[in-house]
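Each chain, written out:
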Number of protein chains: 2
Amino acid sequence: MINVAVVGFGVVGSGVVELLDKNNRLFSKKLNQEIACKYILDIREFPGSIYADKFVKDFSVIENDPEINIVVETVGGATFAYEYTKRALRAGKHVVTSNKELVAKHAPELLALARENGVCYLFEASVGGGIPIINPMYHCLAANELNRIVGIMNGTTNYILTKMIKEGVSFDAALRQAQLLGYAEKDPSADIDGIDTGRKICILASLAFGKHIYPENVMTKGIRGISLDDIYEADRQGMVVKLLGCAEKKDDGFVEIFVSPCAIPREHPLANIEDVFNGITVTGDAIGDCTFYGRGAGKMPTASAVGADIIDCVKGTEKSSLFWVDADNSTFVRSFDKLNLEYFKNDIALLKE
Amino acid sequence: MINVAVVGFGVVGSGVVELLDKNNRLFSKKLNQEIACKYILDIREFPGSIYADKFVKDFSVIENDPEINIVVETVGGATFAYEYTKRALRAGKHVVTSNKELVAKHAPELLALARENGVCYLFEASVGGGIPIINPMYHCLAANELNRIVGIMNGTTNYILTKMIKEGVSFDAALRQAQLLGYAEKDPSADIDGIDTGRKICILASLAFGKHIYPENVMTKGIRGISLDDIYEADRQGMVVKLLGCAEKKDDGFVEIFVSPCAIPREHPLANIEDVFNGITVTGDAIGDCTFYGRGAGKMPTASAVGADIIDCVKGTEKSSLFWVDADNSTFVRSFDKLNLEYFKNDIALLKE
């Protein structure tokens, strides 16, 4: 019997609880044993919830229960989540998360802690929502030297840009629509200033290149400055504007990494990825380009990725552990002033093939 | 030390030998031990080859060498390959293959034999060439009930259709060009009559739905009958014609499966997949649609998929084993006369969303 504790009952956390319930027979079949959510930790009250009997407020209940095998951390942020994750790993519990901020900030420490305690720290859901990208890149492309990762990794900004491109709506109006639909937060800066994309490209680049790249070393430009004029000019030249996260390993061993609105040709596989969808192209020396495309956010898609990690934790502790080392970014990440990006217009980089 | 024997030194086999050589340091790092190709089996002579010292002609050399851990079968077909695969598995060696014909015909038996002998039988390269699809579908979408698989799985026919659509070239002329470029064989029937696509959709559907689906139970139509008139008519209606393999699980538990040229809307993620590229969309109950896109054939892309399977064999025998059961197809595969496909034109099915 596998017992799961879900920490944080927001969009993703509640999706995970529902998925474990709805597809329970499927999980049990894949695991050859029963699985259930035993605890849900949240500071808020959910009086009418059908899961009311599972709620706890004190993390030590989870930490000290030897029956709990897996902690799903969907709190977000890098304060409580950081603390809970360390405590769970030290208590010998696997941790599965969708928390890109925590992974981007502290993965080397948390991965090492997981190793020491013989458990997994897995985070497929932290990049690309439901799209399988971390596992396919790390395992299925394992025979490749990876050279480059380019992707649309933020649904909110892609929704805004799609509105501007398809309907000629201004940036401000498109942002308001995104907020009305719940795609953008009241304070949308983490999305529209590219911070979220920055965390995600850091996670993928760290995995691909084996050393941790910290978000503060990534040149990050968002889409606040993009006008309809820019969009129209790109269109006239057969291009579309997308907010991309890019990381490329250069011949001298340095990684060039940035987040920027980019002009890309209409034929590019990422050009047709619209609305809140995400798409990520990975380039390896044997496979060439390979693109993964799907729902980059949302309750059930993200729960799908968490669910796969839960199964992986149970099926093969040692095997599924990801790993990379901490690093002094100044020695292998190319800084802003040395990037020499080519620009389509002032704030829009040109994606070179 | 891991020793590999590559059986068949054609396009894929020679790619695997080269990749093991070129990225040897990468393989060793992932495996925490050395790896090398010890034998190459081929009935032909390769006198000038830099691998000349590795060639053998008698499979029993490989079978009886206890140092050989993994046999890579790239012979193709279901005669010699079938025999060699069974002998290798019985001798306790992992088998990795790109041979879709053999997998589509005999997977249940070969998977069971692998289990009995505590080894893996893996075939990521049998569908979608280098694109990771089997592992992501089977492992990364493991928390989903899979409902549907739709894909462009044959590069040759996609090249021909792309030529017809983009350049207004007739079917016969496009086929001749494909033959000149080496994309199509002298006898192109396995590709253009949809047989190859049929094998691939059978493999994916068997994985997804847990029971083996035999190619002879799949209604299979190729692209011989497609004229430029059909292409133009589709274009006028905002659609493109693609050769698709489709499998869908219906509410009554039956699987509807077919291969057919299909008219799909220009906005569909598969509509923009051109030339020899492949793309496969998998639908799950949690993730929704998820598309994998890349090089569906070719020496190094296919070797990339074989390479990932080689690493998987070494890292976790039990964990990476795929499995499904043999089945009487009449009890769960919907036959042709009950499919009720909607047709765009006589020979072109309509892909419904």
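From a predicted model like this one, the values you see are computed outputs, not experimental measurements.

Novice: Account for the relation of the copies chain B and chain A, naming residues and giving values.
Specialist: Relating one copy of the chain to the other takes a rotation about an axis and a shift parallel to that axis. Least-squares fitting of chain B to chain A yields an RMSD of 0.0 Å, with the transformation described by 0.0 Å of translation along the axis and a rotation of 180°. Both copies of the chain, as the preceding transformation shows, are related through a two-fold rotation axis. Nearest to the rotation axis, the C-alpha of Phe292(B) is located 2.5 Å from it, this being the minimum over chain B. Of all interface residues in chain B, 100% are interface residues in chain A too; the two copies therefore contact each other through one and the same surface.

Novice: Talk me through the packing of helix α5 (residues 100-116) of chain A against helix α10 (residues 195-209) of chain A; I want residue IDs and the actual numbers.
Specialist: Residues and elements named next belong to chain A. One way to put it is that α5 packs onto α10 with a least axis distance of 9 Å and a crossing angle of 50°. In terms of orientation, α5 lies oblique with respect to α10. The handedness of the crossing between α5 and α10 is left-handed. In contact with Lys100, Glu101, Val103 and Ala104 of α5, α10 contributes Asp196, Arg199, Lys200 and Ile203. In terms of residue class, the contact of α5 with α10 is made up of three nonpolar, no polar and five charged.

Novice: Quick one: what's the story with the side chain of Asp65(B), residue by residue and with numbers?
Specialist: Residue and element names in this part refer to chain B. Looking at the element boundaries, aspartate 65 is found in the loop between α3 (59-63) and β4 (68-73). Given a relative accessible area of 10%, aspartate 65 falls into the buried group. In this view, aspartate 65 contacts Lys38, Tyr39 and Lys93; residues no more than four positions away in its chain are not counted.

Novice: An account of the pairing of strand β4 (residues 68-73) of chain A is needed here, citing residue identities and associated values.
Specialist: Residues and elements named next belong to chain A. With five of six residues buried, β4 is to be regarded as a mostly interior element. Relative to β4, strand β1 (residues 2-7) runs parallel, the two sharing five bridges. Paired with asparagine 3 across the two strands is isoleucine 68, which belongs to β4. Relative to strand β5 (residues 94-97), β4 is paired through four bridges, and the arrangement is parallel.

Novice: Describe the interface of chain B and chain A, listing the residues and the values that go with them.
Specialist: If you look at the interface, chain B gives 41 residues, while chain A gives 41 residues. Where chain B meets chain A, there are two salt bridges. Note that Lys22(B) and Asp285(A) form a salt bridge whose closest N and O atoms lie 2.6 Å from each other. Remark: the boundary between chain B and chain A carries 10 residue pairs in polar contact (both at pLDDT 80 or more). Secondary-structure elements contributing two or more residues to the side of chain B that touches chain A are α1 (11-22), α2 (24-31), α6 (134-140), β12 (288-295) and α12 (299-315) of chain B. Among the residues forming the side of chain B that touches chain A, the class breakdown is 21 nonpolar, 12 polar and eight charged. Bridging between strand β12 (residues 288-295) of chain A and β12(B) involves five bridges; their strand directions are antiparallel. Residue pairing across strands places Cys290(A) opposite Gly294(B), the latter belonging to β12(B).

Novice: Can you break down unusual backbone geometry residue by residue, with the values?
Specialist: Residues other than glycine seldom take positive phi values, yet Asn32(A) does so here, at roughly 60°. Examined against the element boundaries, Asn32(A) turns out to sit in the loop between α2 (24-31) and β2 (35-41).

Cut-offs used in this document
- Residues numbered from 1 in each chain as written.
- Chains lettered and ligands numbered in written order.
- Predicted model: local features only at pLDDT ≥ 70, side-chain atom pairs only at ≥ 80, totals over all residues.
- Heavy atoms only, no water.
- Least-squares fit on C-alpha atoms with pLDDT ≥ 70 in both.
- Contact = heavy atoms within 4.5 Å.
- Axes fitted to C-alpha atoms, helices over the stretch in contact; angles between N-to-C directions.
- Helix = DSSP H or I, 4+ residues; strand = E, 2+ residues; numbered from the N terminus.
- Parallel < 35°, antiparallel > 145°, perpendicular 65-115°, else oblique.
- Left-handed = near helix turned anticlockwise from the far one by under 90°.
- Nonpolar A, V, L, I, M, F, W, Y, C, P; charged D, E, K, R; others polar.
- Buried < 20%, exposed > 50% of the residue type's maximum accessible area, 1.4 Å probe, protein only.
- Pairing = 2+ DSSP bridges.
- Salt bridge = Lys/Arg side-chain N within 4 Å of Asp/Glu carboxyl O.
- Polar contact = N/O pair within 3.5 Å; in protein donor to acceptor, adjacent residues only side chain to side chain.

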